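# Examination of the molecular architecture
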Amino acid sequence: MTRLLAWTRAWFLSAAAAALLAAAPASAQFTALTKGPLGDRGSSFGVAWADYDLDGDLDLYLTEDGPNLLIRNDGGDNFTDVTAPPLDEAGNGSASVWGDYDGDGDPDLYLVNFNSPNHLYRNDRAAGFADVTAGPLGINGPGQSAAWVDYDGDGDLDLYVVNYGTPNKLLRNDGPAGFVDATAGPLADAGWGLAACWGDYDNDGDPDLYITNDGPNRLLRNEGGGVFTRIAGVYIEDGGPGQGAAWGDYDNDGDLDLYVANYGTANKLIRNDGGNVFTWITAGPLGDTSNSTGVAWGDYDNDGDLDLYVANYGQPGKLLRNDGAGGFAALTSGPLGDAGNATGAAWADYDGDGDLDLFVANDATGSRLLRNDLASSNHWLEVTLVGRVSSRDAIGARVRVATGSLRQIREVSGGSGYMSQDSPPLEFGLGAAVVVDSITVTWPSGIVETYRNVAPNRRLTLTELDVTAVADEASPPAPPLALEAPAPNPVREAASFRFGLPRAARARIEVFDVRGRRVATALDAQLPAGRHEAVWRRTDARGRPVASGVYLARLEALGEFRIRKMILVR
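Criteria and cut-off values
- Residues numbered from 1 in each chain as written.
- Predicted model: local features only at pLDDT ≥ 70, side-chain atom pairs only at ≥ 80, totals over all residues.
- Heavy atoms only, no water.
- Helix = DSSP H or I, 4+ residues; strand = E, 2+ residues; numbered from the N terminus.
- Rg over C-alpha atoms; globule rule 2.2 N^0.38 Å.
- Buried < 20%, exposed > 50% of the residue type's maximum accessible area, 1.4 Å probe, protein only.
- Contact = heavy atoms within 4.5 Å.
- Areas by Shrake-Rupley, 256 points an atom, 1.4 Å probe, with all protein chains shown as cover.
- Lys, Arg positive; Asp, Glu negative; His and termini not counted.
- Charge placed at Lys NZ, Arg CZ, Asp CG, Glu CD.
- Pairing = 2+ DSSP bridges.
- Axes fitted to C-alpha atoms, helices over the stretch in contact; angles between N-to-C directions.
- 1 Å grid on protein atoms, 1.4 Å probe; cavity = no way out; pocket = protein on both sides within 12 Å on 5 of 7 lines; lining within 4 Å.
- Points joined across faces, edges and corners; volume = space filled by probe spheres on them.
- Nonpolar A, V, L, I, M, F, W, Y, C, P; charged D, E, K, R; others polar.

### What to know about the overall build of the protein chain
Broken down by element type, the protein chain carries three helices and 42 strands. Scaling as 2.2 N^0.38, a compact globule of 570 residues should have a C-alpha radius of gyration of about 25 Å, and the protein chain matches this with 24 Å. Across its three principal directions, the C-alpha atoms of the protein chain cover 80 × 50 × 50 Å. Looking at the 570 residues of the protein chain, the share that counts as buried comes to 56%. Of all intrachain contacts in the protein chain linking residues separated by at least 6 positions in sequence, the fraction that spans at least 24 positions is 53%. Of the roughly 21000 Å² that the protein chain leaves accessible, carbon and sulfur atoms contribute 51%. Of the side-chain charges in the protein chain, 45 are positive and 78 negative, and the distance between the mean point of each set is 14 Å.

### Some details on the sheet that holds strand E2 (residues 44-50)
Strand order in this open sheet of four strands is E2-E3-E4-E5, and the pairing throughout is antiparallel. Only two strands of the sheet have a single neighbouring strand rather than two, namely E2 and strand E5 (79-81). Direction aside, the axes of adjacent strands within the sheet are offset by 25 degrees on average. Of the strand pairs in this sheet, E2 and strand E3 (residues 59-64) are connected by five bridges, and their pairing is antiparallel. The residue of E3 that forms the bridge with Ala48 is Tyr61.

### Notes on empty space enclosed by the protein
All told, the structure shown has four cavities of 30 Å³ or more when counted by the stated rule. Here the largest cavity is characterised by a volume of approximately 500 Å³. Taken together, 34 residues line the largest cavity, and the ones lying closest to its centre are Trp247, Glu411, Ser413, Asp422 and Leu426. Mapped by element, the contributors of at least two residues to the lining of the largest cavity are strand E10 (140-149), strand E14 (193-199), strand E18 (242-248), strand E22 (292-298), strand E31 (406-411) and strand E32 (426-431). When grouped by side-chain class, the residues that make up the lining of the largest cavity number 18 nonpolar, nine polar and seven charged.

Pasting the structure below:
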């Protein structure tokens, strides 16, 4: 402790420290990134995330009423417009969805246009994209959106296309023979269609379809064999005018619930009570009556339950935080409450830091990427699936994660919300859990695989029927004893301390002032080997706010110490 005091006292009394304190920026929960193509001011509608170039980070495609944009993620918050023919299509773009329709290991792109032909672009990697539109893929109508799915369980991706006022289309992928129009019965819904999302709402192992219309919506239950049945009812066929919709198990009861965004009338959270019984939940901000368009579920704070972003056209957007007890609170501070002409929205952990970020497409008012800067001690897990018997990108697969008494489910989406698509990896917030008890994957093929005792705060790639790869993933090398620099630094509201333990140990993180006095204990717990995180909320041992100044965080474990400096500002 004597060396610690001598080292810090000289630094603290320097003029440089005072200057740094005065210049320290304020921290924020979300930061709007609008540099370059991210802030495009065209008439943007849909956004779709995928790692099109297979370099390990997520890129995005933005559809517009004008030339569309392929925006490559170059890391470090840097994005580059790499649009080249034929992806610069200028045919009144509505929506786009990524899906590996040919099973060659890279995502291909389907583009929906309004009153001009749709297109399928095959990803040929270094050779770019090739327009392989043929047959019913080139529908020339009032296209609004589309969603990939393996509805018939044959191992390749099919496509559902939504039109405004003319019949929707189900296009079956027959492999080398191309796509065939398999539309029949209620699938040919000719309502004023706007969006579609697939989800296994009845837990019978095949994907069902929800369609939003500018009028009564439709839930079509998949009976197998290409047969779909309309599930009628006032609650599930909300009269709208519907815009976007998304499935998500917000109450963690094991079945998919649905949120429907309406334009100018009350939005609806439709709780799935099983047996085709549904209940409207519209209390508080859930029944927002703004001009709602896009909607996307994501656990932005990694606390173990799904939160919800609702995009509004010409009115402030809202992030609805799920309190885990059935309530939601609207967060609209900073860029979350952007009042641009928002349309599509989609979540993705584009920077790989373990929390979900959000892209919001705006119609002629500047799109934006909202980076999640929330400091949290909650743990997380990201799962990427690779199919072998199922389609290569495993669209429609369900993952169930168990931690203690908590059970969460996610499904890989082929398109959701309003003209948009969230990132293919599935992200789970784990709260304080330090181990994942089990991960169960139900593949579209019907194969079910379970993996146990998985460490958190990591990215897993799970391959269908490949137990060796899973064993390798589940046994990462132990990290060294280390304490990373506090984040953010300078600290305004809370500091996150990430650290590694090479083996199981009791770990203690304490905060000291520059005179060597202990201010607070951020962590004191027995932990397994691996990477961990603790958060200090800038309060002392009695819960009182701690004054601005220079402080030291000290990790004590395995008879050793690791020390980091941080600055607190107001």
